[in-house]
Each structure stands twice: as structure tokens, then as C-alpha cells.
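# Chain and residue survey
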Amino acid sequence: MFNAIGRVCCLALLPLAGLAQASQGSELAKAQGMAYPAVIAHRGASHDAPESTAPAYRLARELGADYLELDLQRSRDGVLVAVHDDNLLRTSDVAERFPERQGSPVSAFTLAELKLLDVGSWFNKAYPERARASFKGLKIQTLDEVMAIATANPQRQPGLYIETKVPGLFPGIEADLNKALQAGGWLDRPGRVVLQSFDRNSLALLHQHMPQVPKVLLLWVGKGSIEPASGQTFAESGETDKAAFNARQQPKDKAEFERWLDYAKADGAIGTGPSAALAGGGAQSYADLVQPWMNQLSHDKGLLVHVYTVDEPVDFRRVLAAGVDGIFTNRSGPLLRHLARPSARSEAQILSAEGY
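Small disclaimer: the values here were computed from a predicted structure and weren't measured.

## As for the packing of aromatic side chains
According to the stated counting rule, one finds 13 aromatic pairs in the structure shown. Taken together, a centroid distance of 6.1 Å and an interplanar angle of 55 degrees make the contact between Tyr 286 and Tyr 308 tilted. Of this pair, Tyr 286 sits in the loop between β7 (271–273) and α13 (292–300) while Tyr 308 sits in the loop between β8 (304–307) and α14 (313–322); the two residues are 22 residues apart in sequence, bridging distant segments of the chain. Through successive ring pairs, a cluster of aromatic residues spans Trp 122, Phe 123, Tyr 127 and Phe 135. The aromatic ring of Trp 122 is capped on one face by Arg 90, whose charged end is 5.6 Å from the ring centroid.

Here is the structure:
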């Protein structure tokens, strides 16, 4: 999975101050068999197709993303599925299909029931400029289906970057994931799979079941995670702009940030997934946890840094210059072009060729 061409291109784009960190990060990635700098397709190419659906993952694969990212949950009958939210309201027609259960968690539905849901039409309504008739009626993907998409093109075979989502709702999901990955032959090559979680207990369980697989502790500033300097939750602040509040948050101090790096290592992680503050603000803009000193401290502790979720060139430049080793993005195409790894086809051309 280690991408030497991408490394050379990336190094050429960095200021001199970032070269030492880039060298550290590239060597850490190489030791794990991981891509550098890693292009991680956040829920697939989810800017151009509905998140966590077949076209989003197929588009990310054909663009050349290094990893297909997914959030793992489990149906009532024990099937692993790719769904982000705690419930299905935002990205499906569950309110029409199952009105009496519309706020229920994914775990309340069997796979057959989940497969009845339309998880594409919401995207057409939310983003009419990117709408496609073929998105109507798209189905929730199982882990097995995402694995099949990742291996369908012999010339382009991205890895998988899997998050255990709300793992407390799914006791034993770490063991289930190990079994599924083993059955699919996904653990035969180092760096082909990366596992991630905000939940330290789940991360430790993942390490227990799959000690050889790279793992990442996702980082967040807020009560219950990295203690904020503000000492407040959004609700306690009395503010009305949650995105602006989140973007202003910072760790209480350097020692608090370092404490979470040490947690990551203790729980078996080889890297962290910190948030970023974005130039344009917005709902994806959170605390700036990829300041150069933070990334240097992470590298000095032997930890890779994969930042979430960055979509614009101005932010690509800043986080790469600060020393990150990979980027979660909804827009794999622009990031790959920024890294001088462009696809020969546009997003629209690929979607049409894939039948969408």
C-alpha cells in the first residue's frame, strides 16, 4: 500500500520546514505497509455520490483513493453494515417506510428491513446540483459488499479504513469484524486494512483481536475526550453557532494533548485521527489538532497523523505543510489532483461509466 510516487510528489509541495516531519511520517507509514500521504475516501467519494453507497465507493476506487472509509454498525440479525449515524433519519426514507421506528438505532432493524430503505434520494434533495436519477433507491451496503467493491477492479484495489461506530451498542463487534476480514482474506497483507475508533475500549478490543492490523485513535476536543481549555460543552456555553464553537476549542494544555497520544499508544494504535479547523468554517470545522507542534510530538512518539475531514485546496496545503500523513476527505478527486495523482477521468465520467 505504500505509495512512493505520492510521497515524492507530496514532498515537492512542502515548504522546507515540513520536510523533516514528512520524512518521519513517510518512514512510519512504510513500516506499517500504509500509503503515504494517505488519501482516505470518507464514506467513499461522498461529495459526488450519497455517502456509504455503492457509487460513492466505486467512484473513490476509480479515482485512485488509497482507502475506502466506512463506519461499521450491525443489524439486528448480526450483519455488519456501513452506516454513519446513530439512526437512519438523515440519509434514508425510514420515516416513510417505518414511521413508528424512525428514530430507532440501526441495531433495531434486520438486514432485510435495512435493504428496503432508499439511501440515495436524500442526496438528490440536499444537493440538486449533484443529483442523479440513478441515486434514487440506492441501498445500504454490507461490509461484504464494500469489500467486493474494493477488489472488483484488478488495476485499482484500495484498502479499507474501518471505524467501529457507537461500539457500545454492538457488544462483540470487534470479534465479528476480525472474523469477516479473515474470511475475506483482508488480513494477509500489512496495511491493507486500518481500524479506527473514538472509543478507547473498542480500540483495545480491536488490538486484542487483530494485533497485527494498524489502528488509529480518533481525537476530539470535548468533555469525555480531550479536556477543552474552555471547560464547557456547547450546551453550557449558551452559544448558538455550534460549528464556530467547535472550531474555537483547544486542549486544556500541552500535557492534556500528550496524554491522549499516550492513550493511543497504550491501546495499540500506530496513529491518531485528529480534527482540523477549516479556512471556510462550516459543520466539518472542529478544533485545530494538527498544529505543527502537535504533529511533531505525535511523530516523535512514533504515531502517524491522519486528519479529518478536509475537502478544499487551501486546507490541503495547510494540513500537509503542518506535517500530517494522511487526509480523510469527501473529495478524493481534488485531493489526488493536489498531490499530482490525478485520475485520467473526471468524477462525472467515472460515475457514468460505472452505470450511474
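## Observations regarding the UniProt feature "domain: GP-PDE" (unreviewed entry) in the chain
In this structure's numbering, the residues bearing the UniProt feature "domain: GP-PDE" (unreviewed entry) are residues 37–339. The span residues 37–339 is 34% helix and 14% strand, and its two end C-alpha atoms sit 9 Å from each other.

## So, unusual backbone geometry
A cis amide bond links Tyr 36 to the next residue, Pro 37, at an omega of -20 degrees. On the secondary structure map, Pro 37 appears in the loop between α2 (16–32) and β1 (38–41). Geometrically, the link from Tyr 308 to Thr 309 is a cis peptide bond, its omega value of -25 degrees lying close to zero. With phi around 60 degrees, Ser 52 is a residue other than glycine that occupies positive phi space. When you line up the elements, Ser 52 lands in the loop between β1 and α3 (54–63). A positive phi is found at Ala 340, a non-glycine position, where the angle reads about 60 degrees.

Conventions used here
- Counting restarts for each chain: residues are numbered from 1 in the order of the written sequence.
- Restriction of local features to residues with pLDDT of at least 70 applies here, the model being predicted, together with a cutoff of 80 or more for giving and counting side-chain atom pairs; totals for whole chains, interfaces and linings are based on all residues.
- Only hydrogens and water are removed before side-chain values are computed, so all heavy atoms of the structure are retained for them.
- Two aromatic rings from Phe, Tyr or Trp, using only the six-membered ring of Trp, form a pair when their centres are within 6.5 Å; if the ring planes differ by under 30 degrees the pair is stacked, by over 60 it is edge-to-face, and anything between is tilted.
- By the criteria applied, helices consist of DSSP H or I runs no shorter than four residues and strands consist of E runs no shorter than two, each listed in order from the N terminus.
- Criterion for a charge above a ring: Arg CZ or Lys NZ at most 6 Å from the ring centre, at most 35 degrees from the ring normal.
- UniProt positions are given in the numbering used here, feature names are shortened, and annotations may be inferred rather than shown by experiment.

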